[in-house]
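Inside the fold
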Amino acid sequence: MPKVYLAGPDVFLPDAIEIGRQKKLLCSRYGLEGLFPFDNEITTNESGQRVDRLIYRANEAMMQNADLGIFNLTPFRGPSADAGTVFELGLMVGLGKRVFGYTNDASDYAHRVSTSAATGLQTRPLQDAHGMTVENFGNSDNLMIEWSVVEHGGFPIVRNPVKASNPFDDLSGFERCVRLASEALLK
């Protein structure tokens, strides 16, 4: 059964373990074995290494052991995807693994930046408060995120418009992504 690394800011949810369990169940329905970061059991060790370093190492090992990755790219703490998730996406691409992504915010990146109160966005060309250009290609996020998923997974990022107060609770976009990954592996 192909192993899929399940990345995203879901690990920060109050019910992260339950969300991970649900995601792993959905994976198994499509013939995939989900690997959720909380599957790693991290405890301090006698050498006194920092827990965050142990988490990093365990997650990196999990990604190396995975056959592919599915990434929750829903904007997190701002208009863009979680930085840790984006790093993991880049690592999986660098390892030559297939990657698939979804977001529960179907709006374009430029729209989210333009509606963010902190940016002070100006128009023509789109610039933030520091005069830096904002990408406006109609992508769901930065072009490197968008095209790494297309080039290394074969499908665009699944855009799943969610009206729920917490966009991280809805797993319908995730399930569409799992289905795409499963079908791609069968070809």
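For the structure given in this document, a descriptive report is provided here.

Procedures and definitions
- Residues numbered from 1 in each chain as written.
- Predicted model: local features only at pLDDT ≥ 70, side-chain atom pairs only at ≥ 80, totals over all residues.
- Heavy atoms only, no water.
- Helix = DSSP H or I, 4+ residues; strand = E, 2+ residues; numbered from the N terminus.
- Expected span 1.5 Å × (residues − 1).
- Buried < 20%, exposed > 50% of the residue type's maximum accessible area, 1.4 Å probe, protein only.
- Polar contact = N/O pair within 3.5 Å; in protein donor to acceptor, adjacent residues only side chain to side chain.
- Pairing = 2+ DSSP bridges.
- Right-handed = clockwise from strand over helix to strand, strands pointing away.
- 1 Å grid on protein atoms, 1.4 Å probe; cavity = no way out; pocket = protein on both sides within 12 Å on 5 of 7 lines; lining within 4 Å.
- Points joined across faces, edges and corners; volume = space filled by probe spheres on them.
- Nonpolar A, V, L, I, M, F, W, Y, C, P; charged D, E, K, R; others polar.
- Contact = heavy atoms within 4.5 Å.
- Axes fitted to C-alpha atoms, helices over the stretch in contact; angles between N-to-C directions.

Some remarks on helix α3 (residues 83-94)
Note that an α-helix has 3.6 residues per turn; residues three or four places apart therefore point the same way. Relative to the 16 Å expected for twelve residues at 1.5 Å per residue, α3 spans 16 Å between its end C-alpha atoms, a close match to the ideal helical length. Of the residues making up α3, those classed as buried are Thr 85, Glu 88, Leu 89, Leu 91, Met 92 and Val 93.

Comments concerning the environment of Arg 50
With respect to the helices, strands and loops of the structure, Arg 50 is situated in the loop between β2 (33-35) and α2 (51-65). The exposure class assigned to Arg 50 is exposed, which follows from its relative accessible area of 59%. Distance from Arg 50 to Phe 137, taken between C-alpha atoms, is 41 Å for residues 87 residues apart in sequence. In terms of polar contacts, Arg 50 uses its side chain to reach the side chain of Asp 52, at 2.7 Å.

Side note on the pairing of strand β1 (residues 3-7)
Counting buried positions along β1 yields four of five residues, so the element is predominantly enclosed. Where β1 meets β2, three bridges bridge the pair, whose relative direction is parallel. Residue pairing for β2: Val 4 is matched across the bridge by Gly 34. Once you follow β1 into helix α1 (residues 16-29) and on to β2, the crossover reads as right-handed. Of the pairings in the sheet, the one linking β1 to strand β3 (residues 68-72) comprises four bridges and is parallel in character.

Considerations on the layout of surface pockets
Quantified by volume, the largest pocket comes out at close to 350 Å³. Taken together, 19 residues make up the lining of the largest pocket; nearest its centre are Val 11, Pro 37, Ile 55, Asn 59 and Glu 88. Of all elements in the fold, only β1, α2 and α3 reach the threshold of two or more residues within the lining of the largest pocket. Here the element with the most residues in the lining of the largest pocket is α2; it accounts for five residues. Counted by class, the lining of the largest pocket contains eleven nonpolar, five polar and three charged residues.

A few points about the pairing of strand β4 (residues 98-103)
Note on strand geometry: in a regular strand, side chains alternate between the two faces of the sheet. Burial of β4 is extensive: five of the six residues sit out of reach of the surface. Direction of pairing for β3 relative to β4: parallel, over a ladder of five bridges. Looking at the pairing, Gly 69 lines up with Val 99 of β4. Across two bridges, the pairing between β4 and strand β5 (residues 158-159) is parallel. Within the sheet, the bridge partner assigned to Tyr 102 lies in β5 and is Val 158.

Focus on the sheet that holds β4
Ordered in space as β2-β1-β3-β4-β5, the five strands form an open sheet in which the pairing is parallel. Only two strands of the sheet have a single partner each, and these edge strands are β2 and β5. Across the sheet, α3 touches β1, β3 and β4, and the angle it forms with β3 is around 160°. The sheet contacts of helix α5 (residues 143-153) involve β4 and β5, and relative to β4 the element is tilted by about 135°.

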